Amino acid sequence: MPAQNEQSLNHDPHRAARGERPSRGHRPSGRGRRASSATFGSRTDVGCVRDHNEDSLVVAPPLFVVADGMGGHAAGEVASEIAVNVIAERAPEHPDANELGRAVQAANHAILKAAHEGRGREGMGTTCTAAMLEGERLVIAQVGDSRAYLLHKGKIQQLTRDHSLMADLIEAGQLTPEEARVHPQRSVITRALGSDPRTVADLYEINVDAGDRLLLCSDGLSGMVLDRDIEAILNRVSDPQRCASQLVNEAIAAGGHDNVTVIVVDVKGFAEKRRRKVARKTKITVAFVLVLLAAIVGGAAYGLNYWVSTAAYLGVDQGKVAIYRGVPGEFAGMSFSTLEKTTDIDVDDLQPGLANRLKENSITCDNVEAAESLVAEYEQEVLNKKQTEDERDRTRDEAQSDDSKSSGQSAFATASAASSEKTQNDDASPSTSGSGDAA
């Protein structure tokens, strides 16, 4: 795989002094990108002082490597390029700290062999910080003073330990970090690839979270820009490519005394997988809800249709009791009933309370058969009512006839009595006269 060793062409010291640097993006590596759980950006620059770039880098997710060569022109860049090429070839497919460490050891042996064979020169070497990030697992193999940082919840922390004289003196309490930044021996490293066949890398295995940000850099950045300023840029610039470029620009603006190489990687972790899982569950849930809703609506429609088609009620049609199929009233201007039958029963022949109820509202029934049964009861009531009235009329007529007969008989008896009395009177009159005469 071709290494990403980028050098400034036609370097102009005056442009460097103004901070104007040629733009450099990463070139696709021969390793070929695998499915990545991260987005990233990278940039390398010769800086303002050096006349060539000895840094190399690899961006081939899940593998990211920064190597800072040493040994002078045509030596440091050779060592760093060999290192990134060998690591890219030997790195495991998935994060494995031990396998990545063995790939770094192989790079060390390859650099020693190249120097022995006359490629580059004796004494050439390189730092190396190799990282593999997949999901929420990060492994690092590191030799030298190129660093790995992690921005977690807005706070930066250095993940690796420098193999340098300054780091040893700081840990021994002989120097402060501020003093080490300006110490004349600040570039002295105590471990590098190409210096000792027994060199091994420090290995780190770290759990990271979605939203974290990984930074790999050569000392051209960490030696020129304070950690707090690096943290501020990592927080402020969201796009990883723009962030990498901004970090390089800061190092150049601070003097650019060394080559500077930066890789910024945004950790997606399992957020995308969780998002897809949630989206899949949401789709299934929505589909289920839609099916359930359709079933409910369909069931309701079927139930409503069945209810409307089987229900019935009694109403009034042209003054007659009528049977309607469906339910009374309207909804949204639509009627849900049809006239089934108009009976011969006059509403006014019903009891007053029942008649008023039919006129003002209606009488609901479970079905047409129930309505017909109720109508039959009304017919019987009307018939009974008529029979009762007829019987009452007949009784009254009979009573009136009897009264007439009684009155006739009484008149006849009176007349007879009067006639009898008259006859008696007539018979008595001559006798009386005779008596008078006789007298």
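Before reading further, recall that the structure is shown in the block above.
J.: How do you make sense of the pairing of strand β10 (residues 213-217) when you look at a structure like this?
T.: One face of the sheet, then the other: side chains in a regular strand alternate in exactly this way. Of all the five residues making up β10, five are buried; the element is thus mostly covered by neighbouring parts of the structure. The alternating pattern of β10 places R213, L215 and C217 and L214 and L216 on opposite faces, both of which are buried. Pairing of strand β7 (residues 147-152) with β10, which is carried by five bridges, proceeds in the antiparallel orientation. Residue pairing for β10: R147 is matched across the bridge by C217. In this sheet, strand β11 (residues 260-267) lies alongside β10 in antiparallel orientation, the contact comprising five bridges. The partner of L216 across the bridge, within β11, is I263.

J.: What am I meant to see in a nonpolar patch on the surface here?
T.: A cluster of nonpolar side chains, namely V286, L290, L293 and V297, defines an oily patch on the protein surface of about 360 Å² accessible area. Examined against the element boundaries, V297 turns out to sit in helix α9 (residues 271-310).

J.: Could you clarify how one ought to interpret the packing of aromatic side chains in this entry?
T.: We describe a pair of aromatic rings using the distance from one ring centre to the other and the angle between the two ring planes. Summed over the entire model, instances satisfying the criterion amount to one aromatic pair. Considering the side-chain rings of F40 and F64, the 5.8 Å spacing of their centres and the 65° angle between planes classify their relative orientation as edge-to-face. Of this pair, F40 sits in strand β1 (residues 38-45) while F64 sits in strand β3 (residues 63-70), placing them 24 residues apart in sequence.

J.: Is there a simple way to think about unusual backbone geometry in this case?
T.: Across the junction of P61 and P62, the peptide omega takes the value 10°, indicating a cis bond. Mapped onto the elements of the fold, P62 is located in the loop between β2 (55-60) and β3. The phi dihedral of K153 is positive, around 55°, even though this residue is not glycine. For K153, a relative accessible area of 73% translates into the label exposed. Even without being a glycine, Q318 presents a positive backbone phi close to 55°. Mapped onto the elements, Q318 comes out in the loop between β12 (312-317) and β13 (320-331).

Reading the values: rules and limits
- Residues numbered from 1 in each chain as written.
- Predicted model: local features only at pLDDT ≥ 70, side-chain atom pairs only at ≥ 80, totals over all residues.
- Heavy atoms only, no water.
- Buried < 20%, exposed > 50% of the residue type's maximum accessible area, 1.4 Å probe, protein only.
- Helix = DSSP H or I, 4+ residues; strand = E, 2+ residues; numbered from the N terminus.
- Pairing = 2+ DSSP bridges.
- Patch = residues over 30% accessible without salt bridge, like charges linked within 9 Å, V, L, I, M, F, W, Y side chains within 5 Å.
- Areas by Shrake-Rupley, 256 points an atom, 1.4 Å probe, with all protein chains shown as cover.
- Salt bridge = Lys/Arg side-chain N within 4 Å of Asp/Glu carboxyl O.
- Phe/Tyr/Trp six-rings, centres within 6.5 Å; stacked < 30°, edge-to-face > 60°.

The analysis is restricted to geometry; functional conclusions fall outside its scope.
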